[in-house]
Every structure is written in structure tokens, then in C-alpha cells.
Amino acid sequence: MERSRFIFGLAFTILLTIVTTPSHCKYHSKTVPVDRLKEKVTELHFYLFDILSGTKPSAVEIARPKVTTDKSATPFGSLYAFDDPLREGPETNSSIVGNAKGLYLSASQDPANFTIVMYADFGFTTGKFKGSSFGVFSRNPVAESPEREVAVVGGRGKFRLARGFARVKTHYFNATNGDAILEYKATIIHY
């Protein structure tokens, strides 16, 4: 009886030791309270040049459904890849401050309510935010006037953990070839 108590006690002690011994692995985590990080609000103003025409377009169609009868420059179901310059002003000779790269999908069956769904990474190549970018993943109801809003859902560099919105206004649009100049006023909350 005494021997079985001793074996049971020893087994229990060994089991307890194994369970409470810290495991040695490469994964670790640390939780930092958010209140230690100071939130900043940055407001940006720039123009995006989305050019589908010419010999060197900044946006190209990469897929189009066969079933569409829409004859517009951006028919329903069309998918575009883009690398659009961001400029200080709406003039073609304004200074380039960065570029927007991503995809957009023409997502409205009714051309009168033209809407795209877009993923875009707005990266800056000059100034205070050089090397930083913010991401937009949002519905963009292009036909809404005079201004529409898209969601800022993340960022990197100085825009790490970004959230916010951008107000977009069409400065110029050519319905024949799809070329557009868009004014962006972005409000970004970040750390």
C-alpha cells in the first residue's frame, strides 16, 4: 500500500513537472496595449491618372466576359490591372508623388450606374511618406456625383495599421476610351 502511494505520488510529480515545464519553440507573442501607441491623422490630396488609351496605358484589361453586350470602354465583368501615376495636380506635367497599383472590376450591369470594385495600393515615392503606402479595398460607385467615398483598409511604412477613407471626385473622364483623372482627398488614421 505504501509502495503504491509512493509510485502514485512520484507519477503525479513527474506529470506535474512535464505539464508545467515551458516548451522551447520558436513561436512567441507579446500583447502591447494600444494606448501606448499615439494615433495620427494624415490628410493627403493628390490626383490619380488612369489612362486606358495610347501606346503606353497605365491600366490594361486583363479579362472580359464573352457574354456582355455592353460596348462601353469598361463593360460589366471586365477586369483591369493598373499602375497609375499619382500627381500633385490635375495637369499632365504636375510632379509625380507616387503610384497606385492594383486591380479593378467593372461591377455594374447598368452602364448608367457605373461601379467598380477595386483593390489598390497607393504608394508614395517622394516626400515625407516616401516608401509608405495605404491600401483601398472598396466599392467605387463612379456614377455617383459629385463625390464618392472608398475605404482605406490598411497600410505599411508610416501608414502601418491604417484605416480611414478617401473622397474621390472625377476631374476628367473620357467615356469613349475610359481615360480618367481622379482627385483623391484621403483621411488616414494610423500610428
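Summary of the structure given here.

### Some details on the overall build of the chain
Stage number 1. What the chain contains, in helices and strands, is one helix and nine strands.
Stage number 2. Long-range contacts, defined as pairs at least 24 residues apart, comprise 48% of the intrachain contacts of the chain with a sequence gap of at least 6.
Stage number 3. Per element, the accessible surface of the chain, about 12,500 Å² overall, is 58% carbon and sulfur.

### A few points about the pattern of salt bridges
Stage number 1. A complete count under the given rule lists four salt bridges for this structure.
Stage number 2. In this structure, the salt-bridge partner of Asp 83 is Lys 101, at a minimum N-O distance of 3.5 Å. Of this pair, Asp 83 sits in strand S3 (residues 79–87) while Lys 101 sits in strand S4 (residues 96–106), placing them 18 residues apart in sequence.
Stage number 3. Judged by relative accessible area, which is 42%, Lys 101 ranks as partly exposed.

### What about a nonpolar patch on the surface?
Stage number 1. Taken together, the side chains of Val 60, Ile 62 and Leu 103 present a nonpolar region at the surface, about 240 Å² in accessible area.
Stage number 2. Mapped onto the elements of the fold, Leu 103 is located in strand S4.

### Notes on the nonpolar core
Stage number 1. Grouped together as the largest cluster of nonpolar side chains are 31 residues, with contacts concentrated most on Leu 44, Phe 46, Phe 122, Phe 124, Phe 134 and Tyr 184.
Stage number 2. Put simply, the parts of the chain that give this core at least two residues each are strand S1 (40–50), S3, S4, strand S5 (116–124), strand S6 (133–140), strand S7 (148–156), strand S8 (163–173) and strand S9 (180–190).

### Things to note about a positive patch on the surface
Stage number 1. On the surface, Lys 38, Lys 40, Lys 128 and Lys 158 cluster together to form a positively charged patch.
Stage number 2. Along the chain, Lys 38 turns up in the loop between helix H1 (2–20) and S1.

### Brief notes about the packing of aromatic side chains
Stage number 1. Applying the stated criterion across every chain, the model contains eleven aromatic pairs.
Stage number 2. Seen from their ring centres, Tyr 80 and Tyr 104 are 5.2 Å apart, and the 20° between their planes marks the pair as stacked. With Tyr 80 in strand S3 and Tyr 104 in strand S4, this pair connects stretches of sequence that are 24 residues apart. Like Tyr 80, the residue Tyr 104 is buried in the burial classification.
Stage number 3. Each ring, one from Phe 134 and one from Phe 159, has its centre 6.1 Å from the other, and the planes form 90°; the classification is edge-to-face. Of the two residues, Phe 134 sits in strand S6 while Phe 159 sits in the loop between S7 and S8, which places them 25 residues apart along the sequence.
Stage number 4. Classification of Phe 159 by relative accessible area gives buried; the value is 0%.
Stage number 5. A cation over an aromatic ring shows up here: Arg 87 above the ring of Phe 49, its NZ or CZ 5.2 Å from the ring centre.

### Some points on the side chain of Ser 138
Stage number 1. Note on placement: Ser 138 falls in strand S6.
Stage number 2. Among the polar contacts made by the side chain of Ser 138, one reaches the main-chain amide nitrogen of Ala 151 at a distance of 3.2 Å.
Stage number 3. Beyond its immediate chain neighbours, meaning those up to four positions away, Ser 138 contacts Ile 116, Val 117, Met 118, Glu 149, Val 150 and Ala 151.

### As for the pairing of S9
Along any regular strand the residues' side chains alternate between the sheet's two faces.
Stage number 1. A large share of S9 lies buried, amounting to nine of its eleven residues.
Stage number 2. As judged from the eleven bridges shared by S1 and S9, these two strands associate in the antiparallel manner. What sits directly across from Glu 43, in S9, is Thr 187.
Stage number 3. Pairing geometry for S8 and S9, over ten bridges, is antiparallel. Of the residues in S9, the one forming a bridge with Lys 169 is Glu 183.
Stage number 4. Between S8 and S9, which follow one another and run antiparallel, lie six residues, and Gly 178 among them has a positive phi close to 85°.

### Details of the environment of Ser 58
Stage number 1. Along the chain, Ser 58 falls in the loop between S1 and strand S2 (59–63).
Stage number 2. We classify Ser 58 as buried; its relative accessible area is 13%.
Stage number 3. Sequence separation between Ser 58 and Asp 179 is 121 residues; the distance between their C-alpha atoms is 9.6 Å.
Stage number 4. Once you skip the residues sitting within four places of it in the chain, Ser 58 turns out to touch Phe 49, Asp 50, Ile 51, Ala 81, Phe 82, Asp 83, Asp 84 and Pro 85.
Stage number 5. In this structure the side chain of Ser 58 is engaged in a polar contact, spanning 2.6 Å, whose partner is the side chain of Asp 84.

Rules of the game
Residues numbered from 1 in each chain as written. Predicted model: local features only at pLDDT ≥ 70, side-chain atom pairs only at ≥ 80, totals over all residues. Heavy atoms only, no water. Helix = DSSP H or I, 4+ residues; strand = E, 2+ residues; numbered from the N terminus. Contact = heavy atoms within 4.5 Å. Areas by Shrake-Rupley, 256 points an atom, 1.4 Å probe, with all protein chains shown as cover. Salt bridge = Lys/Arg side-chain N within 4 Å of Asp/Glu carboxyl O. Buried < 20%, exposed > 50% of the residue type's maximum accessible area, 1.4 Å probe, protein only. Patch = residues over 30% accessible without salt bridge, like charges linked within 9 Å, V, L, I, M, F, W, Y side chains within 5 Å. Core = buried A, V, L, I, M, F, W, Y, C linked by side-chain atoms within 4.5 Å. Lys, Arg positive; Asp, Glu negative; His and termini not counted. Charge placed at Lys NZ, Arg CZ, Asp CG, Glu CD. Phe/Tyr/Trp six-rings, centres within 6.5 Å; stacked < 30°, edge-to-face > 60°. Lys NZ or Arg CZ within 6 Å of the ring centre and 35° of its normal. Polar contact = N/O pair within 3.5 Å; in protein donor to acceptor, adjacent residues only side chain to side chain. Pairing = 2+ DSSP bridges.

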